[in-house]
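Each chain, letter by letter, is given below.
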Protein chains: 2
Amino acid sequence: MRQARTPVDPGSEPAEETLHLVSLLARLRTDQASSRADLARQSGLSRATVSQHVDFLLHKEMITETGPGESRGGRRPRLLRFRGEAGYVGAVDLGATSLDVAITDLRGRVLRHHAEEATVLRGPAPVLERAVALLGSLLAQFDLTRDRLWGIGMGVPGPVEYRTGLPVAPPIMPGWSGYPIPEYFARSFACPVFVDNDVNILARGEAAAGLGAGVDNFLFVKVGTGIGAGIVVHGHIYRGSQGCAGDIGHIAVDAASGANVICRCGNVGCLEALAGGAALAQLAEAAARGGQSALLAARLAERGTLTAADIAEMANKGDAWSTERIRSTGHLLGHTLAGLVNFFNPSLVVIGGGLANAGDSLLAAIREAVYRRSLPLATRALRIERSPLGGHGGVAGAAHVVLDELFSVGNLAYVVQLLDRNLSVQA
Amino acid sequence: MRQARTPVDPGSEPAEETLHLVSLLARLRTDQASSRADLARQSGLSRATVSQHVDFLLHKEMITETGPGESRGGRRPRLLRFRGEAGYVGAVDLGATSLDVAITDLRGRVLRHHAEEATVLRGPAPVLERAVALLGSLLAQFDLTRDRLWGIGMGVPGPVEYRTGLPVAPPIMPGWSGYPIPEYFARSFACPVFVDNDVNILARGEAAAGLGAGVDNFLFVKVGTGIGAGIVVHGHIYRGSQGCAGDIGHIAVDAASGANVICRCGNVGCLEALAGGAALAQLAEAAARGGQSALLAARLAERGTLTAADIAEMANKGDAWSTERIRSTGHLLGHTLAGLVNFFNPSLVVIGGGLANAGDSLLAAIREAVYRRSLPLATRALRIERSPLGGHGGVAGAAHVVLDELFSVGNLAYVVQLLDRNLSVQA
């Protein structure tokens with residue numbers, strides 16, 4: 001398989017200069033530093049070393065000078081600005097039933113975002129063909145040629161071996177196991193492609209632009225068709241040894257809650273088999289047919305099928321069965337999260353995914369169960385909140401996964417090559 | 001409270017030279033590098049920079065030259081050796097019923113180790129008084145004065161706020177909550193003191209000298225009077241936001257296994273209340289009295305009380321009740337670990353603590369439950385093994401926690417100060 005991840009082989013240990021340049025660039029692109037003085041103070045490097053690297057970045061037009069800033073006593077410093085517009089990133093967020101595609105700049109700012117219904121059940125080729133077409137069309141809206149993309153990031157709803165970008169036996173994605181996603185994009189784009197689990201992508205988006213900004217250790221829990229968690233440790237996505245960390249949907253829950261339900265993984269009593277979107281949809285249809293909810297029965301008669309979102313909607317309308325189901329789902333989620341809070345001791349748990357919009361009763365039930373079952377020290381400073389990002393979280397996260405990789409030591413030479421191409425096109 | 005942890009305030013951002021010196025020293029003290037050429041190649045620093053730092057370390061007698069090594073083509077390089085004997089570390093490992101005290105060198109090699117019975121129930125003052133006396137006596141055996149200790153590390157069987165070294169409401173340590181352990185040692189020793197949870201200490205020991213050496217992500221699970229886990233991420237102890245990560249003893253287990261058992265934490269169905277040493281001892285006494293095990297009944301008649309270790313011993317002698325109890329305990333542990341393996345995706349789980357010696361049947365039952373309940377990708381390369389370290393693991397780990405801290409950027413000035421004192425004593 002064509003390995004499209006690392007465009008430049010890092011070879012031997014990186015030189016001192018590379019390490020310094022990457023660390024200075026990281027401070028500039030995240031706005032931690034905006035002057036030579038900031039950079040010298042924060043990095044511990046000498047003013048001469050900093051100036052040398054800044055001059056290089058100015059010459060390559062990775063940064064620009066923006067006139068004098070405020071003085072700290074001496075001469076007013078010239079401000080430095082990272083040129084987010086020097087390149088672009090393609091971001092793809094594939095859900096079980098949705099496809100989001102976006103173009104961002106090199107700061108991860110979403111410039112154009114297109115969302116449509118799609119289904120992973122169609123298999124990889126038609127879905128990826130559509131993603132490639134949408135990327136092309138979004139680029140065209142900006143009059144950008146395909147070679148202006150510096151990288152593509154994609155999230156998929158299943159386990160991925162991050163190193164190779166290959167889905168590994170994803171339960172709700174028949175036909176995708178081992179499918180070479182990076183290779184597919186490589187037919188149309190020359191840039192490196194990074195594929196990750198959708199929940200990691202959402203966690204990265206939350207760290208970049210949501211509640212996770214500046215938080216050391218947090219969990220992002222997606223409650224949708226499936227249930228999964230993204231783990232952030234010291235600001236970075238923790239993927240585990242095989243890249244499948246955070247797969248919490250198949251943790252066994254309390255038998256009293258229905259451990260006799262068989263999950264699609266073959267085990268009994270999995271969290272996802274009781275609290276996942278597919279399980280909830282089945283329960284809703286049974287409740288509608290059994291006369292337990294007039295509102296759900298009416299919706300079923302109207303549409304012929306029900307989803308977890310219908311339960312959330314009817315709960316918000318005061319339907320008793322739906323309200324109780326949202327509450328018991330929150331308790332199941334909270335019961336499992338309580339154990340993970342004891343184990344991982346995060347300072348924040350962000351709840352996202354379709355069911356997170358089920359109003360405050362879901363969040364209240366999750367909190368109740370976590371605070372009841374977790375140790376006091378583990379919940380002393382714990383916040384449990386709903387993600388504020390909505391549909392943008394996935395594509396923003398996919399873009400940031402790409403940016404983390406591009407501006408790393410191993411890829412610096414590739415970035416310089418792209419900057420040189422920018423300069424030669426202008427000339 | 002006297003804050004004995006950071007002897008030198010790091011103040012502003014560390015200078016470039018400090019960062020380089022600390023990174024070179026890390027390679028020398030862990031034997032990753034043994035020559036100037038190794039250091040230059042591994043660090044990316046110039047030969048001139050490396051030589052300058054090496055000369056400094058030679059001058060301070062932190063390292064020494066040991067004659068020419070093998071040539072790689074040019075002049076045979078002079079080898080460099082980290083002087084582990086330049087200073088010493090005191091290591092204290094307090095268990096629920098045991099006290100281990102040791103002196104190690106600056107490589108963490110245990111020079112003298114003393115183990116005795118003790119009980120945390122006596123409260124902090126008598127236990128710490130004994131630890132201080134033992135440290136003094138071990139130092140005396142080496143003709144070392146107290147000021148030759150560069151640091152003291154201690155593990156205690158309960159949650160600790162690592163930053164301050166204060167135990168936080170440790171359930172099996174009445175009287176220890178908030179007790180200023182570092183301050184107690186400071187009455188007798190001038191060096192910094194680091195206090196951590198005993199399971200973190202064991203995990204650090206396993207990373208330094210056991211199965212965890214070179215393993216990126218692993219769990220150390222202690223099954224003793226209590227049950228807890230130490231988490232190692234990318235080679236470092238992960239302590240979580242409040243320092244209490246890994247507290248897995250109070251995760252709820254399957255209700256079918258006895259969720260009606262009330263735990264000392266106030267909840268029902270906690271792992272520790274069903275599989276911990278105290279719970280097992282109670283079950284053993286009930287079995288002995290109820291005529292379910294002749295061997296346990298004989299032991300109870302002989303000693304008047306039973307422990308979990310008795311179950312392990314009788315299982316190894318073929319007692320049916322004990323064998324079944326070890327197996328069901330392994331299944332309970334494995335059931336909980338299965339969820340944590342899905343979440344954390346480690347490549348290794350090390351089982352330690354008193355019950356780990358219960359023979360292969362415990363390990364087999366743990367493995368069986370984990371492989372049955374965890375996702376295939378998460379167990380693809382997972383090893384579940386018994387710790388090979390025995391009683392040395394705790395003190396070795398405590399010493400390595402100290403060494404990690406001493407040879408960090410914030411404490412370099414303190415280390416240089418100690419080296420200068422060595423030189424002035426010799427002069």
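Structure first, text after, so check above.
So, a few notes on the structure that sits alongside this text. None of these values were measured; they are calculated from a predicted model.

Procedures and definitions
Residues numbered from 1 in each chain as written. Chains lettered and ligands numbered in written order. Predicted model: local features only at pLDDT ≥ 70, side-chain atom pairs only at ≥ 80, totals over all residues. Heavy atoms only, no water. Least-squares fit on C-alpha atoms with pLDDT ≥ 70 in both. Contact = heavy atoms within 4.5 Å. Helix = DSSP H or I, 4+ residues; strand = E, 2+ residues; numbered from the N terminus. Polar contact = N/O pair within 3.5 Å; in protein donor to acceptor, adjacent residues only side chain to side chain. Core = buried A, V, L, I, M, F, W, Y, C linked by side-chain atoms within 4.5 Å. Buried < 20%, exposed > 50% of the residue type's maximum accessible area, 1.4 Å probe, protein only. Pairing = 2+ DSSP bridges. Axes fitted to C-alpha atoms, helices over the stretch in contact; angles between N-to-C directions. Buried area = accessible area lost by both parts, 1.4 Å probe. Salt bridge = Lys/Arg side-chain N within 4 Å of Asp/Glu carboxyl O. Phe/Tyr/Trp six-rings, centres within 6.5 Å; stacked < 30°, edge-to-face > 60°. Lys NZ or Arg CZ within 6 Å of the ring centre and 35° of its normal. Lys, Arg positive; Asp, Glu negative; His and termini not counted. Arc of directions from axis to C-beta.

**Considering the relation of the copies chain A and chain B**
So, step 1. With an RMSD of 0.0 Å, the operation that places chain A on chain B is a rotation of 180 degrees combined with a shift of 0.0 Å along the axis. Expressed as a symmetry operation, the mapping of one chain copy onto the other fits a two-fold axis.
So, step 2. Mapped onto chain B, 100% of the interface residues of chain A are again interface residues, and the two copies thus contact each other with one and the same surface.

**As for the side chain of Thr164 of chain A**
All names here are of chain A.
So, step 1. The topology assignment puts Thr164 in the loop between β7 (160-161) and β8 (166-167).
So, step 2. Separated by 2.9 Å, the side chains of Thr164 and Glu161 make a polar contact.
So, step 3. Polar side-chain contacts of Thr164 include one of 3.4 Å to the backbone nitrogen of Leu166.

**Observations concerning the nonpolar core**
So, step 1. Ile351 of chain A together with Ile351 of chain B are the most contacted members of the largest nonpolar core, which has 102 residues in total.
So, step 2. What Ile351 of chain B contacts, discounting residues up to four positions off in sequence, is Val221, Val223, Leu337, Ala356, Leu363, Ile366, Ile384, Glu385, Arg386 and Ser387 of chain B.

**Some remarks on the sheet that holds strand β13 (residues 348-352) of chain A**
Residue and element names in this part refer to chain A.
So, step 1. Read from one edge of the open sheet, 5 strands run β12-β11-β10-β13-β14, paired in mixed fashion. Edge positions in the sheet fall to β12 (236-238) and β14 (383-386), since each has one partner strand and no second. Here the strands of the sheet are splayed against their neighbours by 25 degrees on average, with no regard to which way each runs.
So, step 2. Sheet analysis places β13 next to β14, joined by 4 bridges and oriented parallel. Bridge pairing in β14 links Val349 to Ile384.
So, step 3. Against the sheet, helix α12 (residues 360-373) makes contact with β13 and β14, and its axis sits at roughly 160 degrees relative to β14, the strand it touches most.

**Some thoughts on the interface of chain A and chain B**
So, step 1. The interface of chain A with chain B comprises 55 residues on the first partner and 55 residues on the second.
So, step 2. Around 4,400 Å² of area is buried between chain A and chain B when both sides are counted, 55% of it from carbon and sulfur atoms.
So, step 3. There are 2 salt bridges connecting chain A and chain B.
So, step 4. Two residues, Arg380 of chain B and Glu161 of chain A, come together in a salt bridge whose shortest N-O distance is 3.9 Å.
So, step 5. At the boundary of chain A and chain B, one finds 24 residue pairs in polar contact (both at pLDDT 80 or more).
So, step 6. Taken together, the elements giving at least two residues each to the side of chain A that touches chain B come down to α1 (16-29), α2 (36-43), β11 (227-233), α11 (320-344), α12 and α13 (376-379) of chain A.
So, step 7. The dominant element in the side of chain A that touches chain B, judged by the number of residues it contributes, is α11 of chain A, at 6 residues.

**A look at helix α10 (residues 308-316) of chain A**
So, step 1. Buried residues of α10 of chain A: Ala308, Asp310, Ile311, Ala312, Met314 and Ala315 of chain A, and no others.
So, step 2. On its buried face, α10 of chain A is in contact with α8 (277-289), α9 (294-303) and α11 of chain A.

**Looking at the packing of aromatic side chains**
So, step 1. Summed over all chains, the structure comprises 7 aromatic pairs over all chains.
So, step 2. Note on Phe344 of chain A and Tyr238 of chain B: the rings are 5.0 Å apart at their centroids and 10 degrees apart in plane angle, and the pair reads as stacked. Taken together, the positions of Phe344 of chain A in helix α11 and Tyr238 of chain B in strand β12 (residues 236-238) put the pair across two chains.
So, step 3. Under the relative-accessibility criterion, Tyr238 of chain B is labelled buried at 2%.
So, step 4. The positively charged end of Arg146 of chain B is found above the aromatic ring belonging to Phe189 of chain B, 4.9 Å away from the centroid.
So, step 5. In this structure, Arg239 of chain B packs its charged tip against the face of Tyr162 of chain B, placed 3.6 Å from the ring centre.

**A short note on the side chain of Arg29 of chain A**
All names here are of chain A.
So, step 1. One can find Arg29 in helix α1.
So, step 2. Buried charge without a salt bridge: Arg29, with Asp404 as the nearest opposite-charge side chain at an N-O distance of 4.0 Å.
So, step 3. Setting aside residues up to four positions removed in sequence, Arg29 forms contacts with Phe82, Arg107, Leu403, Asp404 and Phe407.

**Observations regarding the pattern of salt bridges**
So, step 1. As enumerated under the stated definition, the model contains 56 salt bridges over all chains in all.
So, step 2. Taking the shortest distance from any N to any O, the salt bridge between Glu385 of chain A and Arg367 of chain A comes out at 3.5 Å. On the criterion of sequence distance, the pair formed by Glu385 of chain A in strand β14 and Arg367 of chain A in helix α12 is long-range, its members being 18 residues apart.
So, step 3. For the salt bridge of Lys317 of chain B with Glu313 of chain B, the shortest nitrogen-to-oxygen distance reads 3.1 Å.
So, step 4. On the accessibility criterion, Lys317 of chain B (53% relative accessible area) is exposed.

**As for the pairing of strand β6 (residues 149-156) of chain A**
All names here are of chain A.
So, step 1. Counting buried residues along β6, 8 of its 8 residues qualify, which places the element largely inside the surrounding structure.
So, step 2. As paired strands, strand β3 (residues 88-94) and β6 are joined by 6 bridges and run parallel to one another. In the strand pairing of β6, Asp93 is matched with Gly155.
So, step 3. As paired elements, β6 and strand β9 (residues 193-197) share 5 bridges and run parallel to each other. When the bridges of β9 are listed, Ile152 appears paired with Val193.

**Observations regarding the pairing of strand β13 (residues 348-352) of chain B**
Residues and elements named next belong to chain B.
So, step 1. Burial of β13 is extensive: 5 of the 5 residues sit out of reach of the surface.
So, step 2. By the bridge criterion, 5 bridges tie strand β10 (residues 218-223) to β13 in an arrangement that is parallel. Residue Val221 lies in a different strand from β13, and its bridge partner there is Ile351.

**Quick word on the sheet that holds strand β4 (residues 98-105) of chain A**
Residues and elements named next belong to chain A.
So, step 1. Read across the sheet, 5 strands follow the order β5-β4-β3-β6-β9 without closing on themselves; strand pairing throughout is mixed. The open sheet has two edge strands with one neighbour each: β5 (110-117) and β9. Here the average twist between neighbouring strands, direction ignored, is 15 degrees.
So, step 2. Strand direction decides the pairing type here: β4 and β5, joined by 7 bridges, are antiparallel. Along β5, the bridge assignment pairs Val101 with His114.

**Some remarks on α9 of chain A**
All names here are of chain A.
So, step 1. Listed as buried for α9 are Leu296, Arg299 and Leu300. For α9, the angular spread of the buried residues around the axis is 100 degrees, confining them to a single face. In α9, the exposed positions angled more than 90 degrees off the buried face are occupied by Ala294, Ala301 and Glu302.
So, step 2. Lining the buried residues of α9 we find α8, α10 and α11.

**A word on unusual backbone geometry**
Of all residues except glycine, most have a negative phi; of all peptide bonds, most are trans.
So, step 1. Here Asn345 of chain A, not a glycine, exhibits a phi torsion of approximately 45 degrees, which is positive.
So, step 2. A positive phi angle is found at Asp143 of chain B, which is not glycine, with a value near 55 degrees.
So, step 3. Mapped onto the secondary structure, Asp143 of chain B falls in the loop between α4 (124-141) and β6 (149-156).

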